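Geometric and topological summary
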Amino acid sequence: MEHGSQGARRPHGELVADVLALLWAADGPMTPQQVNAALDRNLARTTVTTILIRLHEKGTLVRVRSGRGFAYSAADDAAGLAAGRMRRELDGEADRDLVLKRFVSALSEGDEDVLRLLLQQSGTPEDGG
């Protein structure tokens, strides 16, 4: 059975993405009230607070005490979060070599060049030996 109000709701992932984008652009940590006001979507206070708490529990956000509550900021930028997701996916696979082989084989030539350069740079000993 369809509910008319469900069609007007935004997907949860879109709201999370908007919250992250807002925190990445912020000058410092933001309280749930500040996030809610900046989103300007007439959301329930508990909706925003729940999203922030869940993102904190996943390690996506860090929080600091702000009065009797907390203020939140992103633990990393968008690229860092994507890299973390990639690392967790790889860590969850039994055949890491095959996963990496398939990943590399699907890269564009330009991405292969960038990856090759990054691997060469990371393989350079910093301590000289």
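Definitions and cut-offs
Residues numbered from 1 in each chain as written. Predicted model: local features only at pLDDT ≥ 70, side-chain atom pairs only at ≥ 80, totals over all residues. Heavy atoms only, no water. Helix = DSSP H or I, 4+ residues; strand = E, 2+ residues; numbered from the N terminus. Buried < 20%, exposed > 50% of the residue type's maximum accessible area, 1.4 Å probe, protein only. Contact = heavy atoms within 4.5 Å. Areas by Shrake-Rupley, 256 points an atom, 1.4 Å probe, with all protein chains shown as cover. Axes fitted to C-alpha atoms, helices over the stretch in contact; angles between N-to-C directions. Parallel < 35°, antiparallel > 145°, perpendicular 65-115°, else oblique. Nonpolar A, V, L, I, M, F, W, Y, C, P; charged D, E, K, R; others polar. Phe/Tyr/Trp six-rings, centres within 6.5 Å; stacked < 30°, edge-to-face > 60°. Lys NZ or Arg CZ within 6 Å of the ring centre and 35° of its normal. Salt bridge = Lys/Arg side-chain N within 4 Å of Asp/Glu carboxyl O. Core = buried A, V, L, I, M, F, W, Y, C linked by side-chain atoms within 4.5 Å. pLDDT = per-residue confidence, 0-100.

Of regular secondary structure, the protein chain possesses six helices and two strands. Ordered by position from the N terminus, the helices and strands of the protein chain form the series α-α-α-β-β-α-α-α. Counting every position in the protein chain, which comprises 129 residues, the buried fraction comes to 20%. When contacts within the protein chain are restricted to residue pairs at least 6 apart in sequence, those whose partners lie at least 24 apart make up 40%. Total accessible area computed for the protein chain in this model is approximately 9,800 Å², and 51% of it derives from carbon and sulfur atoms.

Right, let's get into the packing of helix α4 (residues 78–91) against helix α5 (residues 96–105). Helices that pack against each other are described as a pair by the angle of their axes relative to one another and the distance between those axes. Here α4 crosses α5 at 135°, and the two axes come no closer than 9 Å. Judged by the inter-axis angle, α4 sits oblique to α5. Between α4 and α5, the contacting residues are M86, L90 and D91 on the first element and R96, V99, L100 and F103 on the second. When its residues are assigned to classes, the contact of α4 with α5 shows five nonpolar, no polar and two charged.

One pass over the full model with this rule turns up zero aromatic pairs. Looking at R63, its charged tip hangs above the ring of F70, at a distance of 3.9 Å from the centre. Positioned above the aromatic ring of F70, the side-chain terminus of R65 is 4.4 Å from the ring centre.

It is worth spelling out the pattern of salt bridges at this point. Evaluation of the coordinates by the stated rule reveals four salt bridges. Where E112 meets R116, a salt bridge forms, and the shortest distance between an N and an O atom there is 3.7 Å. Placement of the pair is E112 and R116 together in helix α6 (residues 109–122), with a separation of four residues, close to one helical turn. A relative accessible area of 27% means that E112 is categorised as partly exposed. R116 gets classed as partly exposed once you look at its relative accessible area, which sits at 43%. For the salt bridge of D113 with R116, the shortest nitrogen-to-oxygen distance reads 3.2 Å. Pair noted here: D113 and R116 are both in helix α6, with a separation of three residues, about one helical turn. One salt-bridge network, in which partners are shared between bridges, spans E112, D113 and R116.

Moving on, we come to the nonpolar core. Counting 15 residues, the largest nonpolar core has V19, L23, V35, L52, L55 and L61 as the members making the most contacts within it. Those elements that place two or more of their residues in this core are α1 (12–25), α2 (32–39) and α3 (45–57). Top contributing element to this core by residue count: α1, with five residues. Residues within four places of V35 in sequence aside, it is in contact with V19, L22, L23, M30, V48 and L52.

What follows is about the confidence of the model for the protein chain. Taken as a whole, the protein chain shows an average pLDDT of 88; of its residues, 86% reach a score of 70 or greater. Contacts from residues 1–7, a stretch scored under 50 in pLDDT, to residues over four places away or in other chains number zero contacts.

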